Amino acid sequence: MYQLPQYSHITSFSKVAILTSGGDSPGMNPAIRALVRTATSFGIEVIGIHRGYAGLLNEEFETLNSKSVSGLCHRGGTYLKSARCLEFHEAATRQRAFDILSKHGIEALIVIGGDGSLSGAHELYQEFSIPVIGLPGTIDNDIYGTDDSIGFDTAVTTAVEGIDKISDTAYSHDRHFLVEVMGRNYGLLACHVAIAAGAEMVIVPEHQSDITDISQQLAQRRKEGIGSSGIIVVAEAGKSGWSNQLSEEMRQLGEDPRVCVLGHLQRGGKPTAHDRLLAATLGNCAIHTLLEGKTDVMVGVTKGAVSTTPLEAVITQKKGLPVEVMDLINELQH
Ligand code: F6P
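Residues numbered from 1 in each chain as written. Predicted model: local features only at pLDDT ≥ 70, side-chain atom pairs only at ≥ 80, totals over all residues. Heavy atoms only, no water.

With respect to the nonpolar core
- Residues Ile18, Ile32 and Leu35 are the most contacted members of the largest nonpolar core, which totals 34 residues.
- If you list the elements that add at least two residues to this core, you get β1 (15-20), α1 (28-41), β4 (108-113), β5 (132-136), α9 (273-291) and β10 (297-302).
- In terms of residues, this core owes the most to one element, α9, which gives 8 residues.
- Apart from the residues within four sequence positions on either side, Ile32 is in contact with Ile18, Thr20, Leu64, Val69, Leu72, Thr78, Tyr79, Leu80 and Ile112.
- With 32 residues, the next largest nonpolar core counts Val156, Ala159, Ile231 and Leu262 among its residues. (Core = buried A, V, L, I, M, F, W, Y, C linked by side-chain atoms within 4.5 Å. Buried < 20%, exposed > 50% of the residue type's maximum accessible area, 1.4 Å probe, protein only. Helix = DSSP H or I, 4+ residues; strand = E, 2+ residues; numbered from the N terminus. Contact = heavy atoms within 4.5 Å.)

With respect to the environment of Val323
- As for its position among the elements, Val323 is in helix α11 (residues 323-332).
- Given a relative accessible area of 58%, Val323 falls into the exposed group.

Re the layout of surface pockets
- Approximately 850 Å³ is the volume found for the largest pocket.
- Lining the largest pocket are 42 residues, and of these Arg84, Asp115, Gly116, Asp140 and Arg184 lie nearest its centre.
- Where the lining of the largest pocket is concerned, the elements lending two or more residues are α4 (115-128), β6 (176-181) and α10 (311-316).
- The leading source of residues in the lining of the largest pocket is α4, at 6 residues.
- When its residues are assigned to classes, the lining of the largest pocket shows 13 nonpolar, 17 polar and 12 charged.
- Taken together, 14 residues form the lining of the second largest pocket, with Val202, Gln208, Ser209, Ile214 and Gln333 sitting closest to its centre.
- Each residue belonging to the lining of the second largest pocket can be placed in one class, and the counts come to 6 nonpolar, 6 polar and 2 charged. (1 Å grid on protein atoms, 1.4 Å probe; cavity = no way out; pocket = protein on both sides within 12 Å on 5 of 7 lines; lining within 4 Å. Points joined across faces, edges and corners; volume = space filled by probe spheres on them. Nonpolar A, V, L, I, M, F, W, Y, C, P; charged D, E, K, R; others polar.)

Details of α1
- Look at α1: 20 Å from first C-alpha to last across 14 residues, which is about the 20 Å you get at 1.5 Å a residue.
- Buried residues dominate α1, accounting for 10 of its 14 residues.
- Turning to α1, its buried residues are Met28, Asn29, Pro30, Ala31, Ile32, Ala34, Leu35, Val36, Thr38 and Ala39.
- Looking at the buried residues of α1, the elements they touch are β1, β2 (45-49), β3 (61-64), β4, β5 and α9.
- One or two steps after α1, the chain reaches Gly43, where phi turns positive at roughly 75°. (Expected span 1.5 Å × (residues − 1).)

Quick look at the site of the ligand
- The local shell around the ligand consists of Arg84, Asp140, Met182, Gly183, Arg184, Glu236, His264 and Arg267.
- Between an oxygen atom of the ligand and a side-chain N or O atom of Asp140, the distance comes to 2.7 Å.
- A distance of 3.0 Å is found between an oxygen atom of the ligand and a backbone nitrogen or oxygen belonging to Gly183.
- Contact with the protein chains hides 75% of the accessible area of the ligand, taken as 400 Å² for the molecule alone.
- Structurally, the ligand is housed in the largest pocket.
- Considering only residue class, the shell around the ligand consists of 1 nonpolar, 2 polar and 5 charged. (Near = heavy atom within 4 Å. Polar contact = N/O pair within 3.5 Å; in protein donor to acceptor, adjacent residues only side chain to side chain. Areas by Shrake-Rupley, 256 points an atom, 1.4 Å probe, with all protein chains shown as cover. Sits in = over half its atoms within 2 Å of the grid points.)

Things to note about the domain arrangement of the protein
- According to the domain assignment, the protein contains domain 1 (15-151 + 271-316) and domain 2 (152-267).
- The C-alpha centroid of domain 2 is placed 34 Å from the C-alpha centroid of domain 1.
- Across the domain 1/domain 2 interface, buried area totals approximately 1,200 Å², and carbon plus sulfur atoms make up 51% of it.
- The tally of links from domain 1 across to domain 2 stands at 1 salt bridge.
- When the shortest N-O distance is used, the salt bridge between Arg267 and Asp24 registers 2.8 Å.
- There are 9 residue pairs in polar contact (both at pLDDT 80 or more) connecting domain 1 and domain 2.
- Tallied by class, residues from the side of domain 1 that touches domain 2 come to 4 nonpolar, 7 polar and 6 charged. (Domains from an automatic or database assignment. Buried area = accessible area lost by both parts, 1.4 Å probe. Salt bridge = Lys/Arg side-chain N within 4 Å of Asp/Glu carboxyl O.)

Looking at the packing of aromatic side chains
- Evaluated as defined, the whole model comprises 2 aromatic pairs.
- Pairing Tyr53 with Phe88 gives two aromatic rings, centres 4.0 Å apart and planes at 25°, and the pair type is stacked. Highlighted residues: Tyr53 in helix α2 (residues 52-57) and Phe88 in the loop between β3 and α3 (91-103), separated in sequence by 35 residues. With respect to class, Tyr53 is no different from Phe88; both count as buried. (Phe/Tyr/Trp six-rings, centres within 6.5 Å; stacked < 30°, edge-to-face > 60°.)

This is the structure:
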């Protein structure tokens, strides 16, 4: 369990809206459930907006209550559905969105999503002073201001389960596999997967990898009898499918790796207990944070405690890859 702040409520709301936006992530459903149940316990009406900001503009609204969110805890994806809405980058579109929220008497908006989605919420607050709260919902765990994000643990678990299977056939055929995982431009997902799956190597955008050097290392390991098969985890690094190109380069150097791009498989499935606990905690704390009179912040976790970070910082600052993660990977390679 996380360490929770002491909340003192200084304000009240009658109607708030919630939406999920950007790439979905396992755990969004238990977050929706926690938001609705907590809000309901304070007598707040909750409007669920379907399909993110795009659905807001189309007024795809549903009143949510305790009953409508029952049975959501173990379901992957997002009950509210999600979308990427490029149009929301335009000021005129946000004006339309604010007009719609006002027309429906919605006093605050809670957004679950990645940094692009949280940036939409921040702009709404900056331009119209409507209270907004963000929750980090992405398998990438690349959001500044939180150590963890809803869906990350499930995505790591799913990828590791896949690699365990690939490892069996890799062993049988004395082969190496390049397994490409998601994470957009951030390598943490790849690193956690590599450690948990016992991979031989990891290729991440934060560190330069030399394919000649990697091929030589594999050849050397084979020569020394250390490893005739194994896994190299490759972060997609914003170039989904690029491990095919890497394997071609390795082939030119005498290696014959196979490639497996895990892709969207990592975004689906039942959330792990860890993600459910995180989602339930952050959903609950988001409502308390709103009632505390805080706005334009993301509720996340820092060193095991629930924390709030201004959305301005969340969207302008970059999260670095922790040095100790790479150190651990390097030391486990010997
Ligand atoms: O941000 C989540 C994520 O799954 C990234 O890891 C990936 O790069 C991207 O979304 C894929 O987006 P889409 O589902 O739009 O192809």
